[in-house]
Amino acid sequence: MQNRSALSELNGATVLVTGGAGLIGSRITARLKQLGARPIALCNMNAYPEHVYSGVFGVDTTHPDTVIGDEEHRCQIVR
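The structure displayed is predicted, hence computed values, not measured ones. (Residues numbered from 1 in each chain as written. Predicted model: local features only at pLDDT ≥ 70, side-chain atom pairs only at ≥ 80, totals over all residues. Heavy atoms only, no water.)

**Q** Please explain helix H2 (residues 23-34) as it appears in this structure.
**A** For an α-helix, the turn length of 3.6 residues means that residues three or four places apart are oriented alike. Across its 12 residues, H2 extends 17 Å between first and last C-alpha, which sits within 8% of the 16 Å expected from 1.5 Å per residue. Within H2 the residues assigned to the buried category are Gly25, Ser26, Thr29 and Leu32. Each buried residue of H2 lies within a common arc of 120 degrees when the element is viewed along its axis, so the set occupies one face. Away from the buried face of H2 by more than 90 degrees, exposed residues Ile24 and Gln34 are located. Those residues of H2 that are buried lie in contact with strand S1 (14-18) and strand S2 (38-43). Remark: Gly36 follows H2 within two positions and exhibits a positive phi of approximately 90 degrees. (Helix = DSSP H or I, 4+ residues; strand = E, 2+ residues; numbered from the N terminus. Expected span 1.5 Å × (residues − 1). Buried < 20%, exposed > 50% of the residue type's maximum accessible area, 1.4 Å probe, protein only. Arc of directions from axis to C-beta. Contact = heavy atoms within 4.5 Å.)

Right under this line is the structure:
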């Protein structure tokens, strides 16, 4: 990433990552953790079988910062 000074501002920040458990979102979430941020992964978890999220993408679906739900249906979000 080019602008390290801007990325260093993420240290200690809480960041919502929509689709954060999917193919690209899980990588963004991992990078944010490396930068010292606290990413909250919001994902509806319906694109792949559950074992793909944990086994392939490395997502802990039971972690409190992994929120199962859809941004369009905020009242149905499982915490």
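**Q** I'm lost on the packing of aromatic side chains in this one. Help?
**A** For any pair of aromatic rings, the description rests on two quantities: the centre-to-centre distance and the angle between the ring planes. Scanning the model with the defined rule gives 3 aromatic pairs in all. With centroids separated by 5.7 Å and ring planes inclined at 75 degrees, the aromatic side chains of Tyr48 and Tyr53 adopt a geometry described as edge-to-face. The exposure class of Tyr53 is buried, given its relative accessible area of 1%. When the ring of Tyr53 is compared with that of Phe57, the centres are 6.1 Å apart and the planes differ by 75 degrees; the resulting orientation is edge-to-face. Of the two residues, Tyr53 and Phe57, both sit in the buried class. One aromatic cluster is present, built from ring pairs that chain together Tyr48, Tyr53 and Phe57. (Phe/Tyr/Trp six-rings, centres within 6.5 Å; stacked < 30°, edge-to-face > 60°.)

**Q** I would appreciate a short explanation of the pairing of S1 in the present structure.
**A** Looking at chain direction, S1 and S2 are connected through 5 bridges and run parallel. The partner of Leu16 across the bridge, within S2, is Ile40. Each parallel crossover has a hand, and the one from S1 via H2 to S2 is right-handed. (Pairing = 2+ DSSP bridges. Right-handed = clockwise from strand over helix to strand, strands pointing away.)

By themselves, these are just geometric observations and shouldn't be taken as functional.
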